[in-house]
Amino acid sequence: MKEIEVRPLSRAAFAPFGEVIEMEGADNFPINAGRCIRFHDLATIETAGEHARPMISLFRAEPCRLPLTLDMVERHPLGSQAFIPLSDRPFLVIVAGETENGPAEPLAFQTRPGQGINIARNVWHGVLTPLDARSDFAVVDRGGDGVNLEVHVYDKPFLVR
Ligand SMILES: NC(=O)N[C@@H](O)C(=O)O
Ligand code: NI
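What counts as what
- Residues numbered from 1 in each chain as written.
- Chains lettered and ligands numbered in written order.
- Predicted model: local features only at pLDDT ≥ 70, side-chain atom pairs only at ≥ 80, totals over all residues.
- Heavy atoms only, no water.
- Helix = DSSP H or I, 4+ residues; strand = E, 2+ residues; numbered from the N terminus.
- Contact = heavy atoms within 4.5 Å.
- Donors = N, O, S within 2.8 Å, 3.2 Å for Na, K, Ca; no water.
- Tetrahedral: all angles 85-135°; square planar, octahedral: opposite > 155°, others 65-115°.
- Buried < 20%, exposed > 50% of the residue type's maximum accessible area, 1.4 Å probe, protein only.
- Pairing = 2+ DSSP bridges.
- Axes fitted to C-alpha atoms, helices over the stretch in contact; angles between N-to-C directions.
- Phe/Tyr/Trp six-rings, centres within 6.5 Å; stacked < 30°, edge-to-face > 60°.

Novice: Now, about the environment of A43: what can you tell me, with residues and values included?
Specialist: Within the fold, A43 resides in the loop between strand 5 (36–39) and strand 6 (53–61). Along the backbone, A43 and R142 are 99 residues apart, and their C-alpha atoms lie at a distance of 14 Å. Excluding its chain neighbours within four sequence positions, the residues that come into contact with A43 are E19, I21 and N118.

This is the structure in structure tokens:
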């Protein structure tokens, strides 16, 4: 199996696939008479199609251990999908570019504690994958009519390590 090395998540590396949601390096300003700092406009929620609307859900996801065999990615043609951790545990982020024959070889990132992501509309990604323990996330993605899930199974799986 081809091996995919996990790298630290960074705004620059993730930029082709979406945004990193974190305070570090973010535009910020005080509000509420200085009692709160707003880390402003970290990501854009995309929604398309009939009756499209942004929605908020909570996910409780089971962990995986590395190395991980990856054989599937998915994408949401009608909207973005943001995962914001409610714990300080890291999670695995798998994304892939597009080729004329479907998803490219995937890239794998590990978040630092507190980092979240917003996967842009129609970007191939692995499903939510905590690493250390069952973890809870706030998820912001698209509600509405139509099919918002496309799945691709790779001919040959990858070993993410
Ligand atoms: N299916 C679902 O809501 N979650 C996936 O899209 C995922 O990316 O984890
Ligand atoms: Ni998804």
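Novice: Explain the coordination of the nickel ion (ligand 2) to me, and be specific about the residues and the numbers.
Specialist: For the nickel ion (ligand 2), the full set of protein donor atoms is E74 (OE), H76 (NE2), Q81 (OE1) and H125 (NE2), and the range of their distances to it is 2.0 to 2.2 Å. Here the nickel ion (ligand 2) is ringed by 6 donor atoms whose angles at the metal span 73 to 172 degrees, and the overall shape comes out octahedral. Counting residues between consecutive donors of the nickel ion (ligand 2) along the chain gives the motif E-x1-H-x4-Q-x43-H. Placement of the pair is H76 in the loop between strand 7 (68–75) and strand 8 (81–85) and H125 in strand 14 (residues 124–125), with a sequence separation of 49 residues. Taken as a pair, H76 and H125 share a single burial class, namely buried.

Novice: Account for the sheet that holds strand 3 (residues 18–21), with residues named and values stated.
Specialist: Picture the strands of a sheet paired through backbone hydrogen bonds; they go either parallel or antiparallel. Taken together, 5 strands build an open sheet; the order of strands is 3-13-8-16-6 and the sheet is antiparallel. Looking at the sheet topology across the chains shown, the edges are occupied by strand 3 and strand 6. Strand-to-strand twist across the sheet, computed as the mean angle between neighbouring axes with direction ignored, equals 15 degrees. Relative to strand 16 (residues 135–143), strand 6 is paired through 9 bridges, and the arrangement is antiparallel. Following the sheet pairing, P54 is matched in strand 16 by R142.

Novice: Hey, could you go over the packing of aromatic side chains for me, with residue numbers and the actual values?
Specialist: Evaluated as defined, the whole model comprises 5 aromatic pairs. For the pair F14 and F109, a centre-to-centre distance of 6.3 Å together with 85 degrees between the ring planes defines the contact as edge-to-face. Of the two residues, F14 sits in helix 1 (residues 11–14) while F109 sits in strand 12 (residues 107–110), which places them 95 residues apart along the sequence. The exposure class assigned to F109 is buried, which follows from its relative accessible area of 1%. With a centroid separation of 5.0 Å and an interplanar angle of 85 degrees, the aromatic rings of F91 and F137 are classed as edge-to-face. Placement of the pair is F91 in strand 9 (residues 91–96) and F137 in strand 16, with a sequence separation of 46 residues. Judged by its relative accessible area of 0%, F91 falls in the buried class. Classification of F137 as buried rests on a relative accessible area of 1%. Three or more aromatic residues joined by ring pairs make a cluster, and in this case those are F14, F17 and F109.

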